[in-house]
Amino acid sequence: MSTSKNVLEVKDLTMHYETSEGPVHAVDGMTFSLARGESLGLVGESGCGKSSVAISLLKLLPDNARILRGEIRLNSIDLVPLDEAGIRQYRWRNIAMIFQAAMNSLNPVHNVESQIVEAIRQHMPELSGEEIRKRVDDLFEMVGLEPQFKKQYPHEYSGGMRQRAVIAMALSCDPDVIIADEPTTALDVIVQDALLKEMRAIQEKLNMAMIYISHDISVIAEVSDRVGVMYAGRLVEVASTDAIFHEPLHPYTIALMSAFPSIEGDKTELSSLPGEPPDLLNPPSGCRFHPRCPFATERCKREVPEFKEHAPDHFAACWYPGGSS
Amino acid sequence: MNRADILVDIKNLTKLFPVGQGVFGKTSLFVHAVKDFNLTIQRGESVGLVGESGCGKTTTGKLLTRLLDPTSGSIEFYTGGEATDIATLKGRDLKEFRHRAQMIFQDPYESLNPRIKIYGAVAEGLIVQSVTSRKDRQDRVKELLEVVGLAPAETFMSRYPHELSGGQRQRVAIARALAVEPAFVVADEPTSMLDVSIRAGMMRLMLDLSEQMGVTYLYITHDLAVARYMCDRIAVMYGGRIVEIGQTEELLRNPRHPYTKALISAVPVPNPRVKREAADIKGRVTKPINPPPRCVFYERCPIANKICEENDHPPLENKGDGQHAACYLV
Ligand SMILES: Nc1ncnc2c1ncn2[C@@H]1O[C@H](COP(=O)(O)OP(=O)(O)O)[C@@H](O)[C@H]1O
Ligand SMILES: Nc1ncnc2c1ncn2[C@@H]1O[C@H](COP(=O)(O)OP(=O)(O)O)[C@@H](O)[C@H]1O
Ligand code: SF4
Ligand SMILES: [Mg+2]
Ligand SMILES: [Mg+2]
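Small disclaimer: the values here were computed from a predicted structure and weren't measured. (Residues numbered from 1 in each chain as written. Chains lettered and ligands numbered in written order. Predicted model: local features only at pLDDT ≥ 70, side-chain atom pairs only at ≥ 80, totals over all residues. Heavy atoms only, no water.)

(A) Inspection of the interface of chain A and chain B at higher detail. Facing 39 residues of chain A, the contacting portion of chain B comprises 42 residues. For the pair chain A and chain B, the summed buried surface comes to about 3600 Å²; carbon and sulfur atoms form 59% of the total. When the area that chain A buries against chain B is broken down by residue, the three leading residues are I190, I263 and K267 of chain A, summing to 21%. Seen at the junction of chain A and chain B, the total is four salt bridges. Those elements giving two or more residues to the side of chain A that touches chain B turn out to be helix 7 (189–205), helix 8 (217–223), helix 9 (241–246) and helix 10 (251–259) of chain A. Partitioning the side of chain A that touches chain B into residue classes produces 15 nonpolar, 12 polar and 12 charged. (Contact = heavy atoms within 4.5 Å. Buried area = accessible area lost by both parts, 1.4 Å probe. Salt bridge = Lys/Arg side-chain N within 4 Å of Asp/Glu carboxyl O. Helix = DSSP H or I, 4+ residues; strand = E, 2+ residues; numbered from the N terminus. Nonpolar A, V, L, I, M, F, W, Y, C, P; charged D, E, K, R; others polar.)

What follows is the structure in structure tokens.
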């Protein structure tokens, strides 16, 4: 990993939630990097820890969350030891987030324009009023919102427009990294399609790095240069999008690929996995996927497989990658 | 189509919801949730109903299972060659009909009472089937739970719905619907809240059940890829109307209606090597409140012209190979 090309380097990130029943092992030993201008898809089923990774990266954590170990290096600066005042210099200016529930990120009592103006004023106090207004106009145009909607309130917007407003807000300080947590999950396909295409175009145009989170592998196929697959709080595989879809190594990724229906190509049998994802209060020993894995052995039950490079830039955490013995 | 094989014959089914008064209170405003809906479903068939949210899928499902009363139109149900119009059934007859048609909801909480244990939820259907002996009921509940993959059944029967995972709850909802041995099941997005690793298994289960028990499905989904796996035919809805219907593979490969074309090209594909064209469609969905007399898709259609604006909504017509579309220009 060369530091200069990577805008973000995450090493051994481990975060737990403390609960009355014990710790929830939501993020465990995650290591990955993000190059400048790159789009990394993060995919996994609900409850596997995707949002927990996102809020850890921005340190927007609830009171019961603890980062136990690891580094989050943003432009080489480790965010983990920073206190709230320290992180605030970087949050939104260098690393920003788009949440799934757009409505919660918008204030219902202010019109959309004034909210974006306020966000810019707070995070970029050096800009003049004139510069801010210009910036807002540019942002509206970039996310495909027509200027006549500037003075409207969030409730007057459709779901797709609200999500665009939230994207404009996240882009307002021109961050190096943007994290999008299931931004289109609540939208209909036609609206989703338009938004995905626009986000991808903006990300490429601004040469911004993006972590795109989704449970939907077909959306991930659409927006990612590289893909990380999560299972039960751990990253189990990271590779180029093409390799993840066409040469997956981890048995969970392999299963995910053949469980997904498609309207394209021949209609093939869908395979399903036995059982259900584990409870992260009590994750399985060894490889967390072992109870559902067709290749699991005694070793998988006992020992945590190392997350290692099996082919150039193709990482997986499995004792028997591709089902090999 | 052989008439003997027909299970449901729906004609001009319409549901309008009142939503207030127009300016000066002169006109009443109605959402045309389902409008002039025509569809014939054969025994053992699985028909998919697809379209974006608000297009009228759930309302159609609720009308067909009579959880809602139609504004107008007929729904003929065939039993041994005899047709009964269930659109206007009341009282005892309606109650009896409800045993023959069941609806499974997207959110299993809608079909399960949170205070009733799993055993009770499934057994209720057996009581209406007049399985009166306690022992028979217990055996049957156990069997049904195992059919839907909740084994060993004993470990589930005494739990409450909230003590189960989302996937397990949906299985209970299916077992409960099957307990009355319905001829017709409306499944409203039954897998859309489930994760992929569980979803494929649930889809398989529903297909197997239709083969084993001869259940006929109206399978509602917003996901065309799911419809491809679950359905023999697909009906595409827009603004309360069916705008296209045809055999699944044919419809996906060769869509005729401009809306179907847009919908298909907007579906993301789980294969990064496939490059899709942009969907050709304008604007966004609006609620069909007192819609003007013209093609329901007019405002968003990329090919619309004067004919589409000056005439009523076009009828569903055979556009070749039995594929029907409601469009003047294709
Ligand atoms: N504030 C919290 N307190 C305790 N557990 C939590 C909290 N937030 C999330 N979790 C748990 O952490 C795990 C990961 O959740 P999340 O990161 O939201 O997953 P995803 O985004 O992949 O659906 C889940 O088991 C979830 O129940
Ligand atoms: N009880 C109701 N009162 C008023 N409008 C309703 C009611 N139920 C549904 N609608 C409206 O009818 C239309 C169709 O809704 P629905 O059948 O739920 O669509 P879908 O299931 O395809 O999302 C929508 O415009 C919806 O807002
Ligand atoms: S380590 Fe073992 S259990 Fe885990 S995925 Fe690989 S083969 Fe399966
Ligand atoms: Mg999440
Ligand atoms: Mg619905």
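(B) Geometry of the site of ligand 1. Residues and elements named next belong to chain A. In the vicinity of ligand 1 lie 15 residues, with G47, K50, S51, S52 and N64 positioned nearest. Between ligand 1 and C48, the relevant distance is 3.3 Å, taken from an oxygen atom to a main-chain nitrogen or oxygen of the residue. Interatomic distance of 2.5 Å between a side-chain N/O atom of S52 and an oxygen atom of ligand 1. With the chains in place, 66% of the 560 Å² that ligand 1 exposes on its own is no longer accessible. When residues of the shell around ligand 1 are traced back to their parent elements, those giving at least two are strand 1 (6–19), strand 2 (22–35) and helix 1 (50–58). At three residues, helix 1 tops the list of elements feeding residues into the shell around ligand 1. (Near = heavy atom within 4 Å. Polar contact = N/O pair within 3.5 Å; in protein donor to acceptor, adjacent residues only side chain to side chain. Areas by Shrake-Rupley, 256 points an atom, 1.4 Å probe, with all protein chains shown as cover.)

(C) Representation of the layout of surface pockets within the structure. All names here are of chain B. In this structure, the second largest pocket spans a volume of roughly 570 Å³. In terms of lining residues, the second largest pocket is bounded by 25 residues, among which L252, P255, K261, I264 and S265 are the most central. Where the lining of the second largest pocket is concerned, the elements lending two or more residues are helix 9 (248–253) and helix 10 (258–266). (1 Å grid on protein atoms, 1.4 Å probe; cavity = no way out; pocket = protein on both sides within 12 Å on 5 of 7 lines; lining within 4 Å. Points joined across faces, edges and corners; volume = space filled by probe spheres on them.)

(D) Highlighting the sheet that holds strand 10 (residues 241–247) of chain B. Residue and element names in this part refer to chain B. Taken in spatial order, the eight strands make up an open sheet running 6-7-8-3-9-10-12-11, and their pairing is mixed. The sheet is open, and its two edges are formed by strand 6 (101–104) and strand 11 (317–318), each paired on a single side. Both strand 3 (residues 46–50) and strand 8 (residues 216–221) contribute to a ladder of five bridges, which runs parallel. Bridge assignment links V50 to a residue of strand 8, and that residue is T221. With respect to the sheet, helix 7 (residues 196–213) is in contact with strand 6, strand 7 (184–188) and strand 8, its orientation differing from that of strand 8 by roughly 155°. Seen against the sheet, helix 10 touches strand 3, strand 9 (233–238) and strand 10 and runs at an angle of roughly 105° to strand 9. (Pairing = 2+ DSSP bridges. Axes fitted to C-alpha atoms, helices over the stretch in contact; angles between N-to-C directions.)

(E) Seen up close, helix 7 of chain B. Residue and element names in this part refer to chain B. Helix length check: helix 7 (18 residues) gives 25 Å between terminal C-alpha atoms against 26 Å at 1.5 Å per residue, within 8%. Within helix 7 the residues assigned to the buried category are V196, S197, I198, R199, A200, G201, M202, M203, L205, M206, L209 and S210. A positive backbone phi angle near 65° is found at G214, which sits one or two residues after helix 7. (Expected span 1.5 Å × (residues − 1). Buried < 20%, exposed > 50% of the residue type's maximum accessible area, 1.4 Å probe, protein only.)

(F) Quick look at helix 6 (residues 159–171) of chain A. All names here are of chain A. Spanning 13 residues, helix 6 covers 19 Å between terminal C-alpha atoms, matching the ideal 18 Å at 1.5 Å per step. Burial of helix 6 is extensive: 11 of the 13 residues sit out of reach of the surface. Taken together, the buried positions of helix 6 are G160, M161, Q163, R164, A165, V166, I167, A168, M169, A170 and L171.

(G) Structural view of the sheet that holds strand 3 (residues 39–43) of chain A. Residues and elements named next belong to chain A. The strand order across the open sheet built from eight strands is 6-7-8-3-9-10-12-11, with neighbouring strands paired in mixed fashion. Strands with a single pairing partner mark the edges of an open sheet, and in this sheet they are strand 6 (95–98) and strand 11 (307–311). Each strand axis lies, on average, 20° off the axis of its neighbour in the sheet, ignoring direction. Summarising the sheet, strand 11 and strand 12 (residues 314–317) pair through four bridges and their orientation is antiparallel. Following the sheet pairing, A311 is matched in strand 12 by H314. Along the sheet face, helix 6 touches strand 6 and strand 7 (177–181) and points at about 175° away from the line of strand 6. Helix-sheet contacts for helix 10 involve strand 9 (226–231) and strand 10 (234–240), and the interaxial angle to strand 9 is about 105°.

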